[in-house]
Amino acid sequence: MEIVIRPDAEAATDLVARVIAKELRDNPRLVMGLATGRTMESVYSRLVQMHREAGLDFSGCHTFNLDEYVGLSGSHRNSYRHYMNHNLFLNVNVDLRNTHLPNGAAADIEAECERYEKLIAECGGIDLQLLGIGLAGHLGFNEPVSSLRSRTRIKVLSPLTRAQNAPLFTSPNEMPRRAITMGVGTILEARCCLLLATGEDKAEIVARAIEGPVTSMISATALQFHPHCVVVLDEEAASQLQETDYYRWIFENEPQWQLYRDQSNVAHLGGRPAKPAGRKKEVAPV
Ligand code: GLP
């Protein structure tokens, strides 16, 4: 796991968007795993900006979202399909047919979960999985005591998750009690995981997820098993970590992060960053 700490939420978001943009430029047929939630809104807004101002091309990529509420069709304004369409898909040149979310309104949910897993496999698996973290420490909707080997399935949402997400509903009582979510095992199969957390309210759960013992009580701790996981935090979300000096030292010294340390590259948004004179091409951090 690599931990990158940026001064504020904007800088953390910017770094995540630039990593995604670089991966997309390097592999236009990238299979992306996507997440929802308030934190991701600014990532998507940045990607839309990169598409508009620097021609970041989404036309060849495929996307798979982590989760969807059970009982909400894609046209419901609080569905994650609606969220994705309005925050990203309809604002870039992705082919909507290549964007996938579990169907929360499916008559046979079990069959829908199987279909979703099969579809991911048929696409060759997920190259880059974007992740947020809920206050309950969940990835997707893998609530406490989710099996760390679980696959896409239905989960009952915890009271903490309901409290966190209900305010996002037009009428909070309408929030479904269950969701379809990729399993922890499904997520761990992504070739690379990229988690973003910002703000002080995430500090405690971030510290437990990164530096605490692996436990099914906090599904994000399973990322400690992942061979290629990058966690991007702002100072507030990093404030309860023990080893911040060490994480900063790594970021300052790892050649693979050079591209992201060099502020002169920021101006290039989603376009091809300027190659530093006389230096070999850097290895992509993800
Ligand atoms: C929801 C999603 C999670 C996401 C979490 C964080 O619960 N299912 O995938 O990580 O929200 O939300 P926020 O960014 O609003 O804190």
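Preceding block: the structure.
Below or above, wherever it landed, is the structure these notes cover.

In this section: unusual backbone geometry. In this structure, Val 145 is a non-glycine residue whose phi angle is positive, near 65°. Mapping Val 145 onto the fold places it in the loop between strand E6 (128–131) and strand E7 (153–156). For Val 145, a relative accessible area of 56% gives the class exposed.

Moving on, we come to the layout of surface pockets. Here the largest pocket is characterised by a volume of approximately 360 Å³. When residues of the lining of the largest pocket are traced back to their parent elements, those giving at least two are helix H2 (38–54) and helix H5 (159–165). For the lining of the largest pocket, the leading source of residues is H2, giving 3 residues. Split into classes, the residues belonging to the lining of the largest pocket amount to 9 nonpolar, 10 polar and 4 charged.

In this section: the pattern of salt bridges. Applying the stated criterion across every chain, the model contains 10 salt bridges. A salt bridge links Arg 191 to Asp 127; the nearest nitrogen and oxygen atoms lie 2.5 Å apart. One end of the pair, Arg 191, is in the loop between helix H6 (184–188) and strand E9 (192–197); the other, Asp 127, is in the loop between helix H4 (109–122) and E6, with 64 residues separating them in the sequence. In this structure, Glu 189 and Arg 151 form a salt bridge, with 2.8 Å as the shortest nitrogen-oxygen distance. On the criterion of sequence distance, the pair formed by Glu 189 in the loop between H6 and E9 and Arg 151 in the loop between E6 and E7 is long-range, its members being 38 residues apart.

Conventions adopted
Residues numbered from 1 in each chain as written. Predicted model: local features only at pLDDT ≥ 70, side-chain atom pairs only at ≥ 80, totals over all residues. Heavy atoms only, no water. Helix = DSSP H or I, 4+ residues; strand = E, 2+ residues; numbered from the N terminus. Buried < 20%, exposed > 50% of the residue type's maximum accessible area, 1.4 Å probe, protein only. 1 Å grid on protein atoms, 1.4 Å probe; cavity = no way out; pocket = protein on both sides within 12 Å on 5 of 7 lines; lining within 4 Å. Points joined across faces, edges and corners; volume = space filled by probe spheres on them. Nonpolar A, V, L, I, M, F, W, Y, C, P; charged D, E, K, R; others polar. Salt bridge = Lys/Arg side-chain N within 4 Å of Asp/Glu carboxyl O.

The quantities given are spatial measurements derived from coordinates; they are silent on function.
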